[in-house]
Amino acid sequence: NAGVTQTPKFRILKIGQSMTLQCTQDMNHNYMYWYRQDPGMGLKLIYYSVGAGITDKGEVPNGYNVSRSTTEDFPLRLELAAPSQTSVYFCASRRATDTQYFGPGTRLTVL
Amino acid sequence: AQSVTQLDSHVSVSEGTPVLLRCNYSSSYSPSLFWYVQHPNKGLQLLLKYTSAATLVKGINGFEAEFKKSETSFHLTKPSAHMSDAAEYFCVVSDRENQGGKLIFGQGTELSVKP
């Protein structure tokens, strides 16, 4: 199993551009999450999904959108990128237990 | 509401000496608690988890943590530090009742290991 994979690893955007961060898991997990990690901080929840077709907002959803058309994929869309969205983005998934498994992260810089 | 507080933002030890990273939690029910480690520019790796079984939890790489309900603590320890232990450590609680069971992270403790 590859676990949770994320692409791209790094990206630089200009203010106002859009992009999609990809997340895929091959563990057949129902629950998937997007977190962001700002420098020197822990992670904050952006969006989550409890299964295909079901998504909901987390603590810091503004400026982002998600979709969940399949169990495996949970892409995060940034519209109109802003410098405040400069961060490291982590995707995670879990099954029924509490343990979440994390992807390697995407480091995004908005200039 | 669930929360965790890591009491030290930075801990420095010498190689071969014990490691203690402190974490206090707040929970309205019996919590699930975790320690994750993040090496520089890397993702998060689960070190260990507590889910109401044994109060002393053993993890990977010689780390362990003890759940103390009376003190609302979940401190991480290792008898002998290795250079490769230098990393950021996060104490985490699962919020089972909200937002799909999201994880709530502490601020992190940076562990430095001197030769």
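Above this text you will find the structure in question.
Residues numbered from 1 in each chain as written. Chains lettered and ligands numbered in written order. Predicted model: local features only at pLDDT ≥ 70, side-chain atom pairs only at ≥ 80, totals over all residues. Heavy atoms only, no water.

### Describing the overall build of chain A
No. 1: Looking only at helices and strands, chain A features zero helices and eleven strands.
No. 2: Overall, chain A shows an N-to-C arrangement of helices and strands of β-β-β-β-β-β-β-β-β-β-β.
No. 3: The buried share among the 111 residues of chain A stands at 47%.
No. 4: Pairs at least 24 residues apart make up 54% of the contacts formed inside chain A by residues separated by at least 6 positions.
No. 5: Summed over all atoms, the accessible surface of chain A reaches about 5300 Å², with 52% contributed by carbon and sulfur.
No. 6: Charge-centre separation for chain A: the mean point of 11 positive side chains lies 7 Å from the mean point of 8 negative side chains. (Helix = DSSP H or I, 4+ residues; strand = E, 2+ residues; numbered from the N terminus. Buried < 20%, exposed > 50% of the residue type's maximum accessible area, 1.4 Å probe, protein only. Contact = heavy atoms within 4.5 Å. Areas by Shrake-Rupley, 256 points an atom, 1.4 Å probe, with all protein chains shown as cover. Lys, Arg positive; Asp, Glu negative; His and termini not counted. Charge placed at Lys NZ, Arg CZ, Asp CG, Glu CD.)

### Quick notes on the overall build of chain B
No. 1: Helix and strand counts for chain B come out as zero helices and twelve strands.
No. 2: Going from the N terminus to the C terminus, chain B shows its helices and strands as β-β-β-β-β-β-β-β-β-β-β-β.
No. 3: Computed over the C-alpha atoms, the radius of gyration of chain B is 14 Å, within 12% of the 13 Å expected from 2.2 N^0.38 for a compact globule of 115 residues.
No. 4: Seen along its three principal axes, the alpha-carbon backbone of chain B occupies a region of about 45 × 30 × 20 Å.
No. 5: Across the 115 residues that make up chain B, the buried fraction comes to 45%.
No. 6: Considering only intrachain contacts with a sequence separation of at least 6, the fraction spanning at least 24 residues in chain B is 57%.
No. 7: Summed over all atoms, the accessible surface of chain B reaches about 5400 Å², with 49% contributed by carbon and sulfur. (Rg over C-alpha atoms; globule rule 2.2 N^0.38 Å.)

### What to know about unusual backbone geometry
With the exception of glycine, the majority of residues adopt a negative phi angle, and the majority of peptide bonds are in the trans configuration.
No. 1: Here the bond from Thr 7 of chain A into Pro 8 of chain A is cis, since omega is -5°, no more than 30 degrees from zero.
No. 2: Tracing the backbone through its elements, the reader meets Pro 8 of chain A in the loop between β1 (4–7) and β2 (10–13).
No. 3: The phi dihedral of Asn 41 of chain B falls on the positive side, at around 60°, and the residue is not glycine.
No. 4: Mapped onto the elements of the fold, Asn 41 of chain B is located in the loop between β5 (33–38) and β6 (44–50).
No. 5: Asn 41 of chain B gets classed as exposed once you look at its relative accessible area, which sits at 65%.
No. 6: A positive phi angle, near 45°, is found at Thr 72 of chain B, a position not held by glycine.
No. 7: Positionally, Thr 72 of chain B belongs in the loop between β8 (64–68) and β9 (73–78).

### A short note on the state of the cysteines
All names here are of chain A.
No. 1: Counting across every chain of the model gives two disulfides over all chains.
No. 2: Shown here is the disulfide that connects Cys 23 with Cys 91, its sulfur atoms set 1.8 Å apart. Taking the sign of the torsion about the S-S bond as the criterion, the disulfide between Cys 23 and Cys 91, at about -70°, is left-handed. Placement of Cys 23 in strand β3 (residues 19–25) and of Cys 91 in strand β9 (residues 87–94) is noted, with a sequence separation of 68 residues between them. Residues Cys 23 and Cys 91 agree in their burial class; the two are buried. (Disulfide = S-S within 2.5 Å.)

### Quick word on the interface of chain A and chain B
No. 1: Facing 24 residues of chain A, the contacting portion of chain B comprises 22 residues.
No. 2: Carbon and sulfur atoms make up 51% of the surface buried where chain A meets chain B, a total of about 1700 Å² over both sides.
No. 3: On the chain A side of the contact with chain B, Asp 98, Thr 99 and Phe 102 of chain A bury the most area, a combined 31% of that side's loss.
No. 4: Viewed at the interface, chain B and chain A are joined by one salt bridge.
No. 5: Note that Glu 59 of chain A and Lys 102 of chain B form a salt bridge whose closest N and O atoms lie 3.8 Å from each other.
No. 6: At the junction of chain A and chain B, the tally comes to eight residue pairs in polar contact (both at pLDDT 80 or more).
No. 7: Looking at the side of chain A that touches chain B, the elements that each hand over two or more residues are β4 (31–37), β5 (43–51) and β9 of chain A.
No. 8: Split into classes, the residues belonging to the side of chain A that touches chain B amount to eleven nonpolar, eight polar and five charged. (Buried area = accessible area lost by both parts, 1.4 Å probe. Salt bridge = Lys/Arg side-chain N within 4 Å of Asp/Glu carboxyl O. Polar contact = N/O pair within 3.5 Å; in protein donor to acceptor, adjacent residues only side chain to side chain. Nonpolar A, V, L, I, M, F, W, Y, C, P; charged D, E, K, R; others polar.)

### A closer look at the nonpolar core
No. 1: Counting 27 residues, the largest nonpolar core has Trp 35, Phe 74, Leu 76 and Tyr 89 of chain B as its most contacted members.
No. 2: For this core, the element with the most residues is strand β10 (residues 87–94) of chain B, which contributes four residues.
No. 3: One finds Met 19, Cys 23, Met 32 and Val 66 of chain A within the second-largest nonpolar core, a separate group that totals 20 residues. (Core = buried A, V, L, I, M, F, W, Y, C linked by side-chain atoms within 4.5 Å.)

### Here we look at the pairing of strand β2 (residues 10–14) of chain B
All names here are of chain B.
No. 1: Here β2 shows a clear split, with Val 11 and Val 13 buried on one side and none of His 10, Ser 12 and Ser 14 buried on the other.
No. 2: Of the pairings in the sheet, the one linking β2 to strand β12 (residues 109–114) comprises five bridges and is parallel in character. Bridging across to β12, Val 13 finds its partner in Val 113. (Pairing = 2+ DSSP bridges.)

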